[in-house]
Amino acid sequence: MNTQPDNEEHIFERDPNDPKRKHINPMLKLALELGPLLVFFFANFRGEWLGEKLPFLAQLGAPIFIGTACFMVATAIALTISWALTRTIPIMPVLSGAIVLVFGALTLWLHDETFIKLKPTIINTMFGVILLGGLAFGKSFLGYVFDSAFRLDAEGWRKLTFRWGLFFLFMALLNEFMWRNFSTDTWVAFKVWGNMPLSILFMAAQMPLMMRHALPEEGEEEQK
């Protein structure tokens, strides 16, 4: 009888170790997080073609502005799907999505691509500060992002959160270097094909830590 009121109190996603937390298939979760970024890359790369097929997009101007508009729409769709599947608000994607919408709107309104280029710097800095700041209060927020794919003990989440916090700050500095020193097309290409490989390599480097702190699967616990 207390289930429904308890659910209503949790609009935001539950703690990673909460048994009542709803999970999305890891591949679907990855698609929802990467989908908007791929849409942004495609729309920027094929902006002129999209403008010819859809005249209303051509009114936005250069491909970077078409890509920004498509990025905003794709982000809103991804967050809507996530809400429909879990009926909770995913904390990190929502923070990222809010910045996408704000900076995207500024980019289109002022017709200045600087705002969308600053977005990764703001997001990465914010995530780095949130992760490192959360540790100061005993919270390992990284568990909210990766709990569907990995089960770690508390110490493992703390160490992994610290490392990712530093990595996000590094990526913020790298974005600043890229957009201030290279063309828009080079920046967009790096944003898609550079950021992701770097993130994958960084995660691969964390596997020894994750293996040391991995928790047994539920089935294995029952057998024991």
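The structure displayed is predicted, hence computed values, not measured ones. (Residues numbered from 1 in each chain as written. Predicted model: local features only at pLDDT ≥ 70, side-chain atom pairs only at ≥ 80, totals over all residues. Heavy atoms only, no water.)

## What about the overall build of the protein chain?
Now for step 1: Tallying secondary structure elements over the protein chain gives 13 helices and zero strands in all.
Now for step 2: Of the regular secondary structure in the protein chain, the N- to C-terminal order runs α-α-α-α-α-α-α-α-α-α-α-α-α.
Now for step 3: The buried share among the 224 residues of the protein chain stands at 40%.
Now for step 4: Long-range contacts, defined here as pairs at least 24 residues apart, represent 70% of the contacts in the protein chain between residues at least 6 apart.
Now for step 5: Carbon and sulfur atoms provide 67% of the accessible area of the protein chain, an area that totals close to 12800 Å². (Helix = DSSP H or I, 4+ residues; strand = E, 2+ residues; numbered from the N terminus. Buried < 20%, exposed > 50% of the residue type's maximum accessible area, 1.4 Å probe, protein only. Contact = heavy atoms within 4.5 Å. Areas by Shrake-Rupley, 256 points an atom, 1.4 Å probe, with all protein chains shown as cover.)

## Some words on the packing of helix α9 (residues 154–181) against helix α11 (residues 195–205)
Now for step 1: Close contact between α9 and α11 brings their axes to 12 Å; oriented N to C, the two are set at 155°. The angle between α9 and α11 falls in the class roughly antiparallel. For the element pair α9 and α11, the recorded crossing hand is right-handed. Facing Arg163, Trp164, Phe167, Met171 and Leu174 of α9, the residues of α11 in contact are Asn195, Leu198, Ser199, Phe202 and Met203.
Now for step 2: Tallied by class, residues from the contact of α9 with α11 come to seven nonpolar, two polar and one charged. (Axes fitted to C-alpha atoms, helices over the stretch in contact; angles between N-to-C directions. Parallel < 35°, antiparallel > 145°, perpendicular 65-115°, else oblique. Left-handed = near helix turned anticlockwise from the far one by under 90°. Nonpolar A, V, L, I, M, F, W, Y, C, P; charged D, E, K, R; others polar.)

## Describing the packing of helix α10 (residues 184–193) against α11
Now for step 1: Direction vectors running N to C along α10 and α11 enclose 30°, while the axes themselves pass 3 Å from each other. Taken together, the axes of α10 and α11 are roughly parallel relative to one another. Between α10 and α11, the contacting residues are Phe190, Lys191, Val192 and Trp193 on the first element and Asn195, Met196, Pro197 and Leu198 on the second.
Now for step 2: By residue class, the composition of the contact of α10 with α11 is six nonpolar, one polar and one charged.

## What to know about the environment of Phe168
Now for step 1: With respect to the secondary-structure elements, Phe168 resides in helix α9.
Now for step 2: Taking the relative accessible area as the measure of exposure, Phe168 reaches 14% and is therefore buried.
Now for step 3: Between the C-alpha atom of Phe168 and that of Ile123, which follows or precedes it by 45 residues, the distance is 8.6 Å.
Now for step 4: Setting aside anything within four residues of it in sequence, one finds Phe168 in contact with Asn124, Phe127, Gly128 and Leu131.

## Considerations on the nonpolar core
Now for step 1: With 32 residues, the main nonpolar core has Phe40, Ile64, Leu160, Trp164, Trp187 and Val188 as its most contacted residues.
Now for step 2: Among all residues touching Phe40, those that are not within four sequence positions of it are Ile64, Gly67, Thr68, Phe71, Trp187, Val188 and Lys191.
Now for step 3: By size, the runner-up hydrophobic cluster in this structure holds five residues, among which are Leu50, Leu57, Ile66 and Cys70. (Core = buried A, V, L, I, M, F, W, Y, C linked by side-chain atoms within 4.5 Å.)

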